[in-house]
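Chains, contacts and geometry: an overview
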Amino acid sequence: MSNSGKIVFKLDKLLKERNYPKLRLAKNAGLDYRTVLRYCKNDVQNIKVFILERLCETLDCNVEDIIEYKKF
């Protein structure tokens with residue numbers, strides 16, 4: 001199996017565009033601040049659906065606004 005792409009998180013970019021602080025997102029979404037930081041830094045090994053749901057609900061956005069698959 002060749003490595004022709006990877007999952008990329010765009011959460012940090014979205015937060016900057018909306019001027020939405022990470023700490024406020026963590027609090028409003030009911031998530032640990034370190035979890036939000038990992039998603040912002042693309043440091044996620046296992047994607048949790050409930051986290052994506054909370055992020056989308058809190059930010060009123062779609063999954064595609066937070067995550068994408070990039071081909072090399």
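To be clear, the structure that these remarks concern was listed above.
Small disclaimer: the values here were computed from a predicted structure and weren't measured.

Here we take up the packing of aromatic side chains. Inspection of every chain in the model, using the stated rule, returns one aromatic pair. Ring centres 4.9 Å apart and planes at 75 degrees place the aromatic pair Phe 9 and Tyr 39 in the edge-to-face group. In this pair, Phe 9 sits in strand β1 (residues 5–9) while Tyr 39 sits in helix α3 (residues 33–40), placing the two residues 30 residues apart along the sequence. Each member of the pair Phe 9 and Tyr 39 is classed as buried. The residue whose ring lies beneath Arg 24 is Tyr 20, and the NZ or CZ to ring-centre distance is 4.0 Å.

What follows is about the nonpolar core. Judged by nonpolar contacts, the single largest core of 21 residues is most densely connected at Leu 11, Leu 25, Tyr 39, Leu 55, Leu 59 and Ile 66. Contact partners of Leu 11, with chain neighbours within four places excluded, come to Leu 25, Val 36, Tyr 39, Cys 40, Leu 55, Leu 59 and Ile 66.

Attention shifts here to helix α4 (residues 49–59). Taken together, the buried positions of α4 are occupied by Ile 51, Leu 52, Leu 55, Cys 56 and Leu 59. Here the buried residues of α4 occupy an arc of 130 degrees about the axis, which is enough to place them on one side. Structural note: α4 exposes Val 49 and Glu 57 on the side pointing more than 90 degrees away from its buried face. Buried residues along α4 sit against β1, α1 (11–18), α2 (22–29) and α3.

About the criteria used
Residues numbered from 1 in each chain as written. Predicted model: local features only at pLDDT ≥ 70, side-chain atom pairs only at ≥ 80, totals over all residues. Heavy atoms only, no water. Phe/Tyr/Trp six-rings, centres within 6.5 Å; stacked < 30°, edge-to-face > 60°. Helix = DSSP H or I, 4+ residues; strand = E, 2+ residues; numbered from the N terminus. Buried < 20%, exposed > 50% of the residue type's maximum accessible area, 1.4 Å probe, protein only. Lys NZ or Arg CZ within 6 Å of the ring centre and 35° of its normal. Core = buried A, V, L, I, M, F, W, Y, C linked by side-chain atoms within 4.5 Å. Contact = heavy atoms within 4.5 Å. Arc of directions from axis to C-beta.

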